[in-house]
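Here is how the chains run, residue by residue.
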Amino acid sequence: MRFGGDYNPEQWPAHVWREDARLMREAHVNLVTVGVFSWARYEPSPGARDFAWLDEVLDVLGEHGVGVDLATPTASPPPWLGVLHPDTLPVDPDGVRLVAGSRNQFSPASRVYREHALAITDALVARYAAHPAVRMWHVGNEFGQVCYGDESAAAFRAWLERRYGTVEALNAAWGTTVWSQHYADWSEIVPPRRTVYHVNPSQALDWRRYCSDQLLALYREQRDLIRTYDAERPVTTNFMGFFPGIDPWTWAEDVDVVADDAYPDPGDPRAPADAALTQDLMRSLGDGAPWLLMESATSAVSWRPHNLPKSPERSRLESLQAVARGADGVCFFQWRASRSGAERFHSAMLPHAGPETRVHRGVRRLGADLARLAPVVGGRVAADVAVVVDWPSWWASGEVARPTDRLDALEQLRAWYRVLWARGVACDLVPAGRDVSGYRAVLVPQLYLLDEAAADALRTATHAGTTLVVGPFTGVADENAHVRTGRFPALLRDVLGVSGEEWVPLPDDGVGLDVAADLSAGPAPRAGVLGELLEAEGAAVLATFADGHLAGGPAVTRHAYGAGDAWYVATVPDEDLLGDVLGAALDRAGVALVLPGAGDAPGVELVRRGDVRFVLNHTAGPVTVPVDGHHLDLLTGRPVDDAVHLAAHDVAALVDHPTERTP
Amino acid sequence: MRFGGDYNPEQWPAHVWREDARLMREAHVNLVTVGVFSWARYEPSPGARDFAWLDEVLDVLGEHGVGVDLATPTASPPPWLGVLHPDTLPVDPDGVRLVAGSRNQFSPASRVYREHALAITDALVARYAAHPAVRMWHVGNEFGQVCYGDESAAAFRAWLERRYGTVEALNAAWGTTVWSQHYADWSEIVPPRRTVYHVNPSQALDWRRYCSDQLLALYREQRDLIRTYDAERPVTTNFMGFFPGIDPWTWAEDVDVVADDAYPDPGDPRAPADAALTQDLMRSLGDGAPWLLMESATSAVSWRPHNLPKSPERSRLESLQAVARGADGVCFFQWRASRSGAERFHSAMLPHAGPETRVHRGVRRLGADLARLAPVVGGRVAADVAVVVDWPSWWASGEVARPTDRLDALEQLRAWYRVLWARGVACDLVPAGRDVSGYRAVLVPQLYLLDEAAADALRTATHAGTTLVVGPFTGVADENAHVRTGRFPALLRDVLGVSGEEWVPLPDDGVGLDVAADLSAGPAPRAGVLGELLEAEGAAVLATFADGHLAGGPAVTRHAYGAGDAWYVATVPDEDLLGDVLGAALDRAGVALVLPGAGDAPGVELVRRGDVRFVLNHTAGPVTVPVDGHHLDLLTGRPVDDAVHLAAHDVAALVDHPTERTP
Amino acid sequence: MRFGGDYNPEQWPAHVWREDARLMREAHVNLVTVGVFSWARYEPSPGARDFAWLDEVLDVLGEHGVGVDLATPTASPPPWLGVLHPDTLPVDPDGVRLVAGSRNQFSPASRVYREHALAITDALVARYAAHPAVRMWHVGNEFGQVCYGDESAAAFRAWLERRYGTVEALNAAWGTTVWSQHYADWSEIVPPRRTVYHVNPSQALDWRRYCSDQLLALYREQRDLIRTYDAERPVTTNFMGFFPGIDPWTWAEDVDVVADDAYPDPGDPRAPADAALTQDLMRSLGDGAPWLLMESATSAVSWRPHNLPKSPERSRLESLQAVARGADGVCFFQWRASRSGAERFHSAMLPHAGPETRVHRGVRRLGADLARLAPVVGGRVAADVAVVVDWPSWWASGEVARPTDRLDALEQLRAWYRVLWARGVACDLVPAGRDVSGYRAVLVPQLYLLDEAAADALRTATHAGTTLVVGPFTGVADENAHVRTGRFPALLRDVLGVSGEEWVPLPDDGVGLDVAADLSAGPAPRAGVLGELLEAEGAAVLATFADGHLAGGPAVTRHAYGAGDAWYVATVPDEDLLGDVLGAALDRAGVALVLPGAGDAPGVELVRRGDVRFVLNHTAGPVTVPVDGHHLDLLTGRPVDDAVHLAAHDVAALVDHPTERTP
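Chains are numbered independently. Their residues run from 1 in the order of the written sequence. For naming, the first written chain is A and the first written ligand is 1, with later ones following in the order written. Only residues with pLDDT of at least 70 get local features here, since the model is predicted, and only at 80 or more are side-chain atom pairs given and counted; chain-wide, interface and lining totals rely on the full set of residues. With hydrogens and water excluded, all non-hydrogen atoms of the structure serve as input to the side-chain values.

> How should the overall build of chain A be read in this particular structure?
Across its full length, chain A carries 17 helices and 26 strands. The C-alpha radius of gyration computed for chain A amounts to 26 Å, which stays within 12% of the reference 26 Å derived for 663 residues, consistent with globular compactness. Across its three principal axes, chain A shows a C-alpha extent of roughly 85 × 75 × 40 Å. Burial status across chain A gives 66% buried among its 663 residues. Look at the contacts in chain A between residues 6 or more apart in sequence, and 74% of them connect residues 24 or more apart. For the purposes of this entry, the term helix denotes a DSSP run of H or I that reaches at least four residues, the term strand denotes a run of E that reaches at least two, and both are numbered from the N terminus. When we talk radius of gyration, it's over C-alpha atoms, and the globule rule is simply 2.2 Å times the number of residues to the 0.38. Burial classification: accessible surface area is computed with a 1.4 Å probe over protein chains only, and a residue below 20% of its type maximum counts as buried, one above 50% as exposed, and the rest as partly exposed. Any two residues whose heavy atoms approach within 4.5 Å at even a single point are treated as in contact.

> Where do I start with the sheet that holds strand β26 (residues 651-656) of chain B in this structure?
Whenever strands of a sheet pair, they do so through backbone hydrogen bonds, lying parallel or antiparallel. Residue and element names in this part refer to chain B. At least two bridges found by DSSP between two strands are what make those strands a pair. Reading across from one edge, β22-β23-β26-β24-β25 is the order of the five strands in this open sheet, with antiparallel pairing throughout. Taken across any chain shown, the strands that pair with only one partner, and hence form the sheet edges, are β22 (604-609) and β25 (638-646). In this sheet, adjacent strand axes meet at a mean angle of 20° when their direction is disregarded. As judged from the eight bridges shared by strand β24 (residues 623-633) and β25, these two strands associate in the antiparallel manner. Looking across to β25, one finds that His-630 is bridged to Asp-641. Fitted lines through C-alpha atoms give the axes, limited to the stretch in contact for helices. The angle between two N-to-C directions lies from 0 to 180 degrees. Helix α11 (residues 312-324) rests against β22, β23 (612-617) and β26 of the sheet, and its axis sits at about 150° to β23.

> Would you explain the relation of the copies chain C and chain A in this entry?
Least squares is the method used to superpose the copies, on C-alpha atoms of residues holding a pLDDT of at least 70 in both. Superposing chain C onto chain A requires a rotation of 120° together with a translation of 0.0 Å along the rotation axis, leaving an RMSD of 0.0 Å. Between the two chains, the operation in question is that of a three-fold axis. Residue by residue, only 2% of the interface of chain C is reproduced at the interface of chain A, so the copies engage with different surfaces.

> Where do I start with the relation of the copies chain C and chain B in this structure?
The pair of chain copies shares a relation made of a rotation about an axis and a shift along it. Superposition of chain C onto chain B requires a rotation of 120° combined with a translation of 0.0 Å along the rotation axis, giving an RMSD of 0.0 Å. Taken together, the interface assignments show that only 2% of the residues at the interface of chain C recur at the interface of chain B, consistent with different surfaces on the two copies.

> For this particular structure, what's the right way to read the pairing of strand β9 (residues 327-332) of chain C?
Within a regular strand, side chains alternate between the sheet's two faces. All names here are of chain C. Of all six residues making up β9, six are buried, and the element is well covered by its neighbours. The sheet contact formed by strand β1 (residues 2-7) and β9 spans four bridges and is parallel. Along β9, the bridge assignment pairs Arg-2 with Gly-329. Relative to β9, strand β8 (residues 291-295) runs parallel, the two being bridged by two bridges. By the bridge assignment for β9, Trp-291 is matched with Ala-327.

> Explanation requested: the interface of chain C and chain B in the structure shown.
Interfaces are often described in size by the accessible area the parts lose on coming together. Counting from both sides, the interface comprises 51 residues of chain C and, opposite them, 55 residues of chain B. Sorting the residues of chain C by area buried against chain B places His-306, Arg-339 and Phe-345 of chain C first, and these three jointly supply 16% of that buried surface. Definition used for salt bridges: Asp or Glu carboxyl oxygen within 4 Å of a side-chain nitrogen of Lys or Arg. Across the contact surface, chain C and chain B share two salt bridges. Here Asp-478 of chain B makes a salt bridge to Arg-339 of chain C, at a shortest N to O gap of 3.3 Å. Polar contact is defined as a pair of N or O atoms within 3.5 Å, subject to the rule that within protein one atom must be able to donate a hydrogen and the other to accept it, and that residues adjacent in sequence are counted only when both atoms are side-chain atoms. Run the count over chain C and chain B and you get 26 residue pairs in polar contact (both at pLDDT 80 or more). As used here, buried area is the combined drop in accessible area, with a 1.4 Å probe, of two parts when they are placed together.

> Teacher, can you tell me more about the packing of helix α3 (residues 52-63) of chain B against helix α5 (residues 111-128) of chain B here?
How two helices sit against one another is set out by the angle between their axes and by the gap between those axes. Residue and element names in this part refer to chain B. Close contact between α3 and α5 brings their axes to 12 Å; oriented N to C, the two are set at 40°. When the interaxial angle is binned, α3 and α5 end up oblique. Where α3 crosses over α5, the two elements pack in a sense that is right-handed. Of the residues in α5, those touching α3 at Ala-52, Leu-54, Asp-55 and Leu-58 are Leu-124, Arg-127 and Tyr-128. Its residues assigned to classes, the contact of α3 with α5 shows five nonpolar, no polar and two charged. Note on terminology: angles under 35 degrees are roughly parallel, angles over 145 are roughly antiparallel, angles of 65 to 115 are roughly perpendicular, and the others are oblique. Crossing chirality is assigned from the near helix's rotation relative to the far helix, an anticlockwise turn below a right angle marking it left-handed and a clockwise turn marking it right-handed. Here the nonpolar group is Ala, Val, Leu, Ile, Met, Phe, Trp, Tyr, Cys and Pro; Asp, Glu, Lys and Arg are the charged ones; every other residue, Gly included, is treated as polar.

> Hey, could you run me through the interface of chain C and chain A in this one?
Counting residues at the interface gives 55 residues for chain C, matched by 51 residues for chain A. Summing both partners gives a buried area of about 4400 Å² for chain C against chain A, and 57% of it is carried by carbon and sulfur. Looking at the side of chain C facing chain A, the largest losses of area belong to Trp-179, Ser-180 and Val-196 of chain C, adding up to 17% of the total buried there. Inspection of the chain C/chain A interface yields two salt bridges. Elements represented by at least two residues in the side of chain C that touches chain A include exactly α8 (201-229) and β14 (498-505) of chain C.

> I tried to follow the packing of aromatic side chains on my own but got confused; where do I start?
In this description, a pair of aromatic rings is defined by centroid distance and the angle of the planes. Residues and elements named next belong to chain A. Only centres within 6.5 Å qualify two rings of Phe, Tyr or Trp (six-membered ring in Trp) as a pair; their planes then separate them into stacked at under 30 degrees, edge-to-face at over 60, and tilted for everything else. In the structure shown here, the tally under the stated rule is 89 aromatic pairs over all chains. Aromatic pair Trp-39 and Tyr-113: ring centres 6.3 Å apart, planes at 45°, arrangement tilted. Here Trp-39 is found in helix α2 (residues 39-42), whereas its partner Tyr-113 is found in helix α5 (residues 111-128), with 74 residues between them in sequence. According to the relative accessible area criterion, Tyr-113 is buried, its value standing at 1%. The structure contains a cluster of three or more aromatic residues connected by ring pairs, namely Tyr-148, Phe-156, Trp-159, Trp-174, Tyr-183, Trp-207 and Tyr-210. If you follow Arg-336 out to its NZ or CZ, it ends over the ring of Trp-12, 5.3 Å from the centre. The rule for a charge over a ring is simple: NZ of Lys or CZ of Arg within 6 Å of the ring centre, and within 35 degrees of the ring normal.

> What is the right way to look at the sheet that holds strand β3 (residues 67-71) of chain C in this model?
All names here are of chain C. Taken together, the nine strands give an open sheet; going across it, the order is β5-β4-β3-β2-β1-β9-β8-β7-β6, and neighbouring strands pair in parallel fashion. Looking at which strands have only one partner, the edges of the open sheet turn out to be β5 (235-236) and β6 (238-239). Where strand β2 (residues 31-34) and β3 come together, four bridges link them in parallel fashion. Paired with Val-34 across the strands is Leu-70, a residue of β3. Sitting on the sheet, helix α11 (residues 312-324) is in contact with β8 and β9, with an inclination near 145° to β9.

> Looking at this structure, how should I read the packing of helix α6 (residues 150-164) of chain A against helix α7 (residues 167-174) of chain A?
Residues and elements named next belong to chain A. One can describe the packing of α6 onto α7 by two numbers: an axis separation of 9 Å at closest approach and a directional angle of 90°. As the angle between them shows, α6 and α7 are arranged roughly perpendicular. Across the interface between the two elements, Phe-156, Leu-160 and Tyr-164 from α6 touch Ala-169, Leu-170, Ala-173 and Trp-174 from α7. Across the contact of α6 with α7, the residue classes break down as seven nonpolar, no polar and no charged.

Structure representation (structure tokens):
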């Protein structure tokens, strides 16, 4: 089990390195990420090299048994690069060239930047590929930089040419007959810089795709260079959960270990479920393989307007949640709190105030706990349910000029996921088009873009017996973000047994629903944001809109298709009703619970990883959770029979324990 | 009676054109606007020409009896124009040059753009001037583009030189002695680009004037070119109601038919009255001649953050409202819903889901209804009341650094107009300076700029017996937006019999008023936004401020001037009090109602056009409206005696019907 | 006693000048600031000179006994300067070059601008240095302009080189090891233009310092030029209270008279106390010497969105408040209201409506009152209390990425100051590092930056018997804005007897406190914004956090240090509790009240200046304030015994009056 964090030794004099290594060892730290922001230290002037200090750092760490995740320092070039080569600097949509003084001042398309990035990477990896302290390679940092400048425009055009072959194919894909946008030649195309009015949404979608691919190309060329020196140790980079800037499904096979940076807001009551969703994404990106929590915060971050702290108990809870959901390691940003720079108030494993602090005591406790969870390493989470989440669809669904900007695909996903989380139902996340026929149920909270392959995957699974549950504004557009003509959702009409003709944003206070009595016992169910003007074409109508533009029309339907059920939730129900609807669908699908008989204590999370059942108390008070049978809690080393008692924010990690119960 | 919409055949394959024409005919469509965004289709590369496809489109439409409003495609140049000639692209106040990818990427001052626009217009008109399907010419689209670049600066300077003759006259008009802004030479003048602090308001006002005039010059040169080929068919362009970018009073005589694009927000309870105001503006721009509703939406638009739909009944109601208020045609944007581009979710006459839809059935019903209203065509609306609305005054009243930005000239106009609308009083809109002596009453809700001619027009009419009602912050400044010295309103003191010395923004919660008992029976009248420190100089004081900075001072006055009454409402009264005050003034003026005896059912609109009396139910429930005498409802073909019964959102169009009443 | 305002004769024809001078004399005006925006009038084209008009203006004013504060016109260059020399124009952080049309369009670093500014200053001063009407020199106007362009970048680098000597010293001061920001050469450094993410806070702090120093250099070179012609008359410029753009402590010794522009918002109930704070700052900048209220408004300003007016009584009250707090003169912007330009609606001494107005009658009354206050001239205010307020600390505390942006140093200062103001306690303001051992008490509401000298000053004074009261988030960082390591506040742990390890933003609704019974009798004391995780190290704990992250930890402490008490308020208490805590500290310190026995009528301000006791009624109703002994009111000339009775917004200025009381 990995434990550690980012370590920036260049911020400290050499005598501190040794103290750090000692304190790390005492805290069970076994992995630190080094060098993420060291380019200017390695290459203080163009072509210069200074690695002697790093030799010493790695040696000291190695001596103390601390492994190193060695980073290519390419996320932040030294200031001299932008001064010598202004074209390496990123340009925003207004044409403003961004300067040094912060970080990430590079254009992903800049040839000169990439040459310099590869040169420093080559020097670094050549020197340390055989160093015994190195355990892993870390390429760049939080890939996400964009640039709208001329070199990016050229790269975008080259990407488009590869995608479409001919400019007429591009014109068709972008629908340039609208608003006189027809391109006669590739050279006429520019990124979606500032325009007079709404930009072409198909162009904007391809720009998103290009930006992700361009960054992936950057990642790959550094990864490939590392591979020429080191064929064995894993290479990765750190994702940022549901970050829209890159499509992680297209990146996943290029990272040897999926790694994530996660900073849930301690003030957000929905943070525990949303964090679980992100963790399930990370596990799913690696097809279930263990992943790594690469960055997190021991207490407060500093980039929000108001940064609430975490208690050590809460920090531990969030760390163990990641382990429960598939992580084989927990790391923080950063080991020792910086004194200067823009992250000087970001919490760390070793605060400004030193080791005799509440935060650092918590870190030591967590290190010990993680060591106790060694039996979990390598364990996998089994799931009956798949949830479809797709980046191009998310991108396209957020483009300009749609029925309502209140329908947010990520919020829709989170709302549906929270139902699973609260019920202790395990799920995998899958991109559109993935074969899902092995699951008992597949949820599609919102899938604006739907191509034929993706529709077929849903159809095939449903026909074979999977329960399909589809949310509103799904199947609206094709892969180019063109609206499909005919009654919607065109490619799923047959499966869902309904069809629609109008997407209908709902009034601010929503509308009432009339719901079948066996579906929900809620007092006054309502829906908001969006509804659809539908007709049932074979589906059973389980709920209808009670008034307004859609009065009498179907809101929730269920249709038998082959051996499966296909549900359609054509609106955004209130939280209770959504729980009832999804719950009914899951029940009919026979989806298993993690801890049968555990009841549903609000705020208590139940996860099974391998043979270990985790019970996580996200509430601020003690809870008692009934559990069948005899268990051992790996964290306390004590037996647990019938029920587990947890203090606020405490966790149990239960394995079967055949010993007789205490009488 | 015209019925139709925008039609963009270039978005569809040829086989669809024939289906479209058939469906149009079935829906009673007789006019479609073609080619608004076709430039890139006509001229896919510089100098190329491709009109063959349009030949076929016009032939097909003509064969089906659908007339064509043929547009010059100049609103959106092809991307190649901006690539070859970057100076044709518009520049924003920060110097950012806007690019292709949306629409309207042209600078109105660009010589190169104008040459290309005229060349493609020439080719188009030469080819189709004799085509039998063409009924009307449509120049550009929604003129409103601005540009702050260097060529625009030069054009602005040339415009100023024409206006002022000498740079010293400009210095005087702009008051450049303030803040050391004196210009020694024309060449020093730039548009109001981004400045350190507040820009000179006189400069900003002239910039607005220039922008409107520059666009008018664009319109005129295309219109003149059309006239060289076709001396007969009407030429127009589409206005956008109370759009501040152009002054329609200066454009009106250049359009053969006034045409408007109107998209009231279905979620705005004040939309019916505000729409009526816009329709009265359109009628008034043409001196009462019939106008054309050129664009509207069958259901939702897509450019608001949350786009509420309309029912077919509501769409029909809004269409018939336009007819009632002088339109001889109702068109929509657009015939067939686009699949791609930024308007893909804008409702259309033919939705994505096809003809078997609620929306399309509503379109067909409306087409039939409009055919029934043929007797209305050419009819005029007679009005006893004029309302002064002036663009330069609106512009100037919105410039920086005024007593309060809560006093919005358009909102002020709307508030006063709603009193007329609710009472069923017909009115004309007039610009400042127009002779208004033929009206029983003239309302001036707010006229910040007042030149001597405009003041004389009001004085003359009042002296001759017209009732004048003037709102606050009127007559503040001269035509250069310089504040007039002396007690205000300087040019109307004699007429109003009051004078003031301080404009006084009121506290957030307003102030109470003491009101003469015969003026209002409201329980606790209040005023807000702004008051004025006034003294009566002969006027009767009808209401005073009850407390605060203005305690005891006049708020509403009435002054006999010659044969007329001059009322002054020196604040923003609450809705009830405003209704009482304006109502009292109208009553004293002997203003006629549209349907005497009809009572005042809230949300029921009454309009008389020619011999037809329209009763429009804007409420969501049924209403019964008493009507004297015997009528025939053109829409139902049924007699109406004593009272008209209307379902929610229904309309009656009554003509006198001498037949005996049904016993 | 000075009385007058800005006068802009170039806005008016010559015949008005004489009328103005007559009206000024009648209103007791004796000082007008002339020429602030006259550059374009003096130099209408490059190198031209036109001073004849000003000869006449000064002669007319002199003849009428009106003195002149003659301004260098350098705040606003003529438009031709930016046209001829675009590099003189300021550039914003996005690279946008700002243009003429407003004011202040200059870059403080522009060599060409400075040459032109000195040339016109030389011509002006050479001509008028001996003119008898000139009483004072006014350099520029409201120095505050910033520029991020290339010439500014060069000047910033030169400033940095002077500050740091070597680029390595700069790297250390800026902590450039963070985020790979190491600079190899001075030439790589740029201003904090737009960056990808958070800018280095040390760089941002130095940019603030540079901007203030650069403007001071501008001021000094004009001041020095004036001195070559006139060695005697005072030279000054107008500060803007708590304006962050310049650090007035570094400017104060360069102005012969401290002058301030003050525009409190009439709608802000806290304006009276906040205005008093600003006035105390002005007095303190001059080490207690009389200062000048250089600009204020007779009624409304025009640059807020909604500009509430002042009554003449309120304007008089605010003017006399300045006198009470050390001003030897009261001036307004401006004498005659402008007709054009962006300040056309700013109130003036002579409104558009002329002299027969409420505003002008108030001006005349004020002029007479000020004449009656001649005995106050030169008088000083004695204070027992010092309040530390430091610009670099304010700047640094507002930089990006801190624990919370809700902790605003200025708001914190104002909250603490209001306690003093409400209790009638006089105070001086002092910058960090000033010797404060002469005060009974020193308040440090928040001092984020704390260098060793500043800490020593506080330590020394406390040890010698001064009561020290320190607020939260103090002593966090060193002079480079680097966080000090170790438990905080590192340099004051010994004095305060506490130490902390975590700054803790508090939940939106705050937390409860448990408070020692003798400290506060408030019903349910709470704190918000921020708390700190502290341990007492010898201090008495007077209040603790009742729940949440900090439950049980100290919130308010008191520590005996040498002969003094050191209080620590480690959070933002509610208003009542803050009053109780500071009140208890002041009481223990034996701080004197201005008017013992006067009670504490809310909204009544008590100030003693020299021998005069001012009683100012800021409430909208009459008040009676008990006063011991026999007094004469300078304003009414009437005796005041036992109690002073004041109408709403009225003022008394009491001197001892040995006459027997009226029986």
